[in-house]
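For reference, the chains in residue letters:
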Number of protein chains: 2
Amino acid sequence: MREFELLQHVFGRNADLPESVSIPPGDDMGAITLGGQTVLMTVDQVIDGIHVNTGSSPLDLIARKSIVRNLSDVAAMAALPVAAVVAACLPRDFGEDRTRQLFDALAETAERYRCPLVGGDISIADRPLALTVTVFADPAGVEPIRRGGAKPGDAVFVTGKLGGAWDESGGGAHLTAEPRLLLARQLAEALAADLHSMIDLSDGLARDLLHICEHSCVDAVIETASIPVRDQLPEPRWKRALGDGEDYELCFTVSDSAVARVPKRIGGVPITRIGRTEPLHDVRPCITLHHADGSVEPCPQVGWEHQS
Amino acid sequence: MREFELLQHVFGRNADLPESVSIPPGDDMGAITLGGQTVLMTVDQVIDGIHVNTGSSPLDLIARKSIVRNLSDVAAMAALPVAAVVAACLPRDFGEDRTRQLFDALAETAERYRCPLVGGDISIADRPLALTVTVFADPAGVEPIRRGGAKPGDAVFVTGKLGGAWDESGGGAHLTAEPRLLLARQLAEALAADLHSMIDLSDGLARDLLHICEHSCVDAVIETASIPVRDQLPEPRWKRALGDGEDYELCFTVSDSAVARVPKRIGGVPITRIGRTEPLHDVRPCITLHHADGSVEPCPQVGWEHQS
């Protein structure tokens, strides 16, 4: 059972959610609204041997990633981070020095992104390092951008360059990704109601854009030659961009009429149109690839699930 | 390094917390205040082999405990739960049936306590089960009861019966503890500003009352004969009550003048006076035990830290 299906099973039960739940499970963040104030929340794990490799990557980058993964979800909602809590499960032989180094890096990252740690839990066990971070965010005057808001005929964009964020040793760009917090706020401001849907790219463009399609009941077309890919990747580079994951960039859709208002670049980060959404052709949403030579094929079911 | 010291190190850095942080790290829950609304949050882990034993305990009780541990923190602040997010790390051979059973039990517990799951993350790894639950709560018209509000001369109370909540096989009362949510609300209502401080009993009465003392800069005296202990415990039963932990009852202090207003029992749960607080005698807060035979001794440094 894949994570997405499992989460659907789990959260499918929650048909009768109380009124306080303003964004139900299944989006980049859930939300509760209390006394007129909406608070967004998201949780992610970073586990040694799966999401990071303590044997080859510096501890401060591992700590950083555990927070940034969540901040990328905050960016996907165009919200602002407010606070975080961290649960750490430390290996028994981890030692005081590494523990302090780890928590100093957690606190530094949290401070840098104005997302202070307000609570935590520490366990020590006979197993590799695991960090679970929950981040809270404030819509701060911007209606959170959902996965389910895409309309047929939207233009599809991505930020940055994709693919190859994870190298063989567990290092790579996934450890130093910048959460697109300010970029997302500026996009939301520039596009207002024309910014229809957004998601962050953690499982790979193919899988994450499919989430937008599934939540929005649309199909999508990707022009593979348009996908912004990292230079050093082997050909066909678009394949890696579709499947690699861990980019922590944003994918979003906008009204076709608003395309001219999408900035080409924000804060040095390129913003690239890679395709469009279409009306649903069948029961299940699907993505079609249009290649530069005119050939067309269904997008393969690629993407990165963390248990694989 | 013990958990408490480590957390102090970690959170000691946060001297310049932003204004939005209305309760800083170190209490049962942290809090942020946004747009006049305070949201409380807490995180706890339940790890197979440390906090539970999947070999001998039913999966639904393990799921239940992972949420109730957090709800006990909510009770300690006299708040009401609002929502939860769950991060699960499942063993690779866990299988679909057990996964569904686990998540159904998580959702059922969350629903029963009106604390719906609004998000989650699932990883699969070569390691025993670990569940990390973050719970959000609403003060709902009651100023959260802090650890640091005790005053010298307060009366010290506990709810329920203590000790022996964890049996040798990993089973026991810790799996079925009732979070004292409604009891705490009724206490807060009955005592108003005379309810000075409160904590939930997870690490053992001695250690948890010491947290109140440390946060409040007071000493405490416990009349060991007054401690409500489980019947089946071997003598001296007060010793087990002081050190065992995992009771998920509440310990609180009230103005001496308000003692008569403390209910003897709420919803069938006994509420017992066990001692008093005193002005600090030395630099470090301490607890003194007064025994029935008139003898006096310093409280031993007992209590349950989860890494031990």
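Note: the structure precedes this text.
From a predicted model like this one, the values you see are computed outputs, not experimental measurements.

A few points about the interface of chain A and chain B
Every contact between the two is made by 66 residues of chain A and, on the other side, 66 residues of chain B. Linking chain A to chain B there are zero salt bridges. At the junction of chain A with chain B, the criterion picks out nine residue pairs in polar contact (both at pLDDT 80 or more). Sorting the residues of the side of chain A that touches chain B by element identifies α1 (3-12), β2 (30-34), β3 (37-47), β4 (80-91), α3 (96-112), β5 (117-125) and β6 (130-138) of chain A as the ones contributing at least two each.

Regarding the pattern of salt bridges
What the rule picks out here adds up to 32 salt bridges over all chains. Across the pair E278 of chain A and R276 of chain A runs a salt bridge whose closest N-O atoms are separated by 3.0 Å. Since its relative accessible area comes to 31%, R276 of chain A is described here as partly exposed. Measuring nitrogen to oxygen at the nearest pair gives 2.8 Å for the salt bridge that ties R240 of chain B to D244 of chain B. Under the relative-accessibility criterion, R240 of chain B is labelled partly exposed at 29%. Several salt bridges converge on common partners, so that one network encompasses E223, R276 and E278 of chain A.

Observations regarding the relation of the copies chain A and chain B
Overlay of chain A on chain B (RMSD 0.0 Å): rotation 180°, translation along the axis 0.0 Å. The symmetry that links the two subunits is that of a two-fold axis. Of all interface residues in chain A, 100% are interface residues in chain B too; the two copies therefore contact each other through one and the same surface.

Side note on the packing of aromatic side chains
All names here are of chain A. Inspection of every chain in the model, using the stated rule, returns three aromatic pairs over all chains. Measuring from centroid to centroid gives 5.3 Å for F157 and F252, while their planes differ by 5°, and the two rings are stacked. Here F157, found in strand β7 (residues 155-159), pairs with F252, found in strand β10 (residues 250-254); they are 95 residues apart in sequence, far enough to count as distant. In this pair, the class of F157 matches that of F252, namely buried.

So, the nonpolar core
Membership of the largest hydrophobic core comes to 61 residues, with the highest contact counts inside it found for L102, L106, L187, L195, M198, F252 and V254 of chain B. Ranked by the residues each element gives to this core, the list is headed by helix α2 (residues 59-76) of chain B, at nine residues.

Here's the deal with the pairing of strand β13 (residues 287-290) of chain A
All names here are of chain A. Covered by surrounding structure in β13 are I287 and L289 only, the residues T288 and H290 on the alternate face being uncovered. Of the pairings in the sheet, the one linking strand β9 (residues 218-223) to β13 comprises four bridges and is parallel in character. Each bridged residue has a counterpart across the sheet, and for A220 the counterpart in β13 is I287. In terms of strand pairing, β13 meets strand β14 (residues 296-298) through three bridges, oriented antiparallel. In the sheet register, H290 faces β14, and the bridge partner there is V296. Hairpin connection from β13 to β14: five residues lie between these consecutive antiparallel strands, with G294 at a positive phi of about 90°.

Some points on the sheet that holds strand β2 (residues 30-34) of chain B
All names here are of chain B. Strand order across the open sheet formed by six strands is β1-β2-β3-β6-β4-β5, with mixed pairing between neighbours. The sheet terminates laterally at β1 (21-23) and β5 (117-125), the two strands that pair on one side only. Taking the axes of each pair of neighbouring strands and ignoring which way they run, one obtains an average angle of 25° across the sheet. The sheet contact formed by strand β3 (residues 37-47) and strand β6 (residues 130-138) spans eight bridges and is antiparallel. For I47, the partnering residue across the bridge sits in β6 and is A130.

What about the sheet that holds β6 of chain A?
Residue and element names in this part refer to chain A. As summarised here, the arrangement of the six strands in space is β1-β2-β3-β6-β4-β5, forming an open sheet in which the pairing is mixed. At either margin of the open sheet sits one strand with a lone partner, and together these are β1 (21-23) and β5. Shown here is a sheet whose adjacent strand axes are inclined to one another by a mean of 25°, direction ignored. Along the sheet, helix α2 (residues 59-76) makes contact with β3, β4, β5 and β6, crossing β3 at roughly 140°.

Quick look at unusual backbone geometry
All names here are of chain A. Following E235, the chain continues into P236 via a peptide bond in cis, with omega recorded as -5°. Inspection of the secondary structure assignment puts P236 in the loop between β9 and α6 (237-243). Within the chain, A140 stands out as a residue other than glycine whose phi angle is a positive 50°. Tracing the backbone through its elements, the reader meets A140 in the loop between β6 and β7. The partly exposed category is assigned to A140, whose relative accessible area is 32%.

Calculation notes
One numbering rule holds for all chains: residues counted from 1, following each sequence as written. Each chain takes a letter, starting from A, and each ligand takes a number, starting from 1, following the order in which they are written. Totals for whole chains, interfaces and linings use every residue, but because this is a predicted model, local features are given only for residues with pLDDT of at least 70 and side-chain atom pairs only at 80 or more, for both listing and counting. Side-chain measures here rest on the full set of heavy atoms in the structure, leaving out hydrogens and waters. In what follows, a contact means two residues having at least one pair of non-hydrogen atoms within 4.5 Å. Salt bridges, as used here, are contacts in which a Lys or Arg side-chain nitrogen is within 4 Å of a carboxyl oxygen on Asp or Glu. Counting of polar contacts relies on pairs of N or O atoms within 3.5 Å, with two restrictions inside protein: one atom must be capable of donating a hydrogen and the other of accepting it, and residues adjacent in sequence are counted only when both atoms are side-chain atoms. Note on conventions: DSSP H or I runs of at least 4 residues are helices, E runs of at least 2 residues are strands, and numbering of each starts at the N terminus. Buried means the residue's accessible area, taken with a 1.4 Å probe over protein chains only, is under 20% of the maximum for its type, while exposed means over 50%, and partly exposed covers the values in between. Residues below a pLDDT of 70 in either copy are left out; the C-alpha atoms of the rest, at least 70 in both, set the least-squares superposition of the copies. Side-chain rings of Phe, Tyr and Trp (the six-membered ring for Trp) are treated as a pair once their centres are within 6.5 Å; stacked means planes under 30 degrees apart, edge-to-face means over 60, and tilted covers the remaining angles. Residues belong to a common nonpolar core when they are buried Ala, Val, Leu, Ile, Met, Phe, Trp, Tyr or Cys residues joined through side-chain atoms within 4.5 Å. Here, any two strands with at least 2 DSSP bridges between them count as paired. Axes here refer to lines fitted to C-alpha atoms; in helices the fit is confined to the stretch in contact. Angles between the N-to-C directions go from 0 to 180 degrees.

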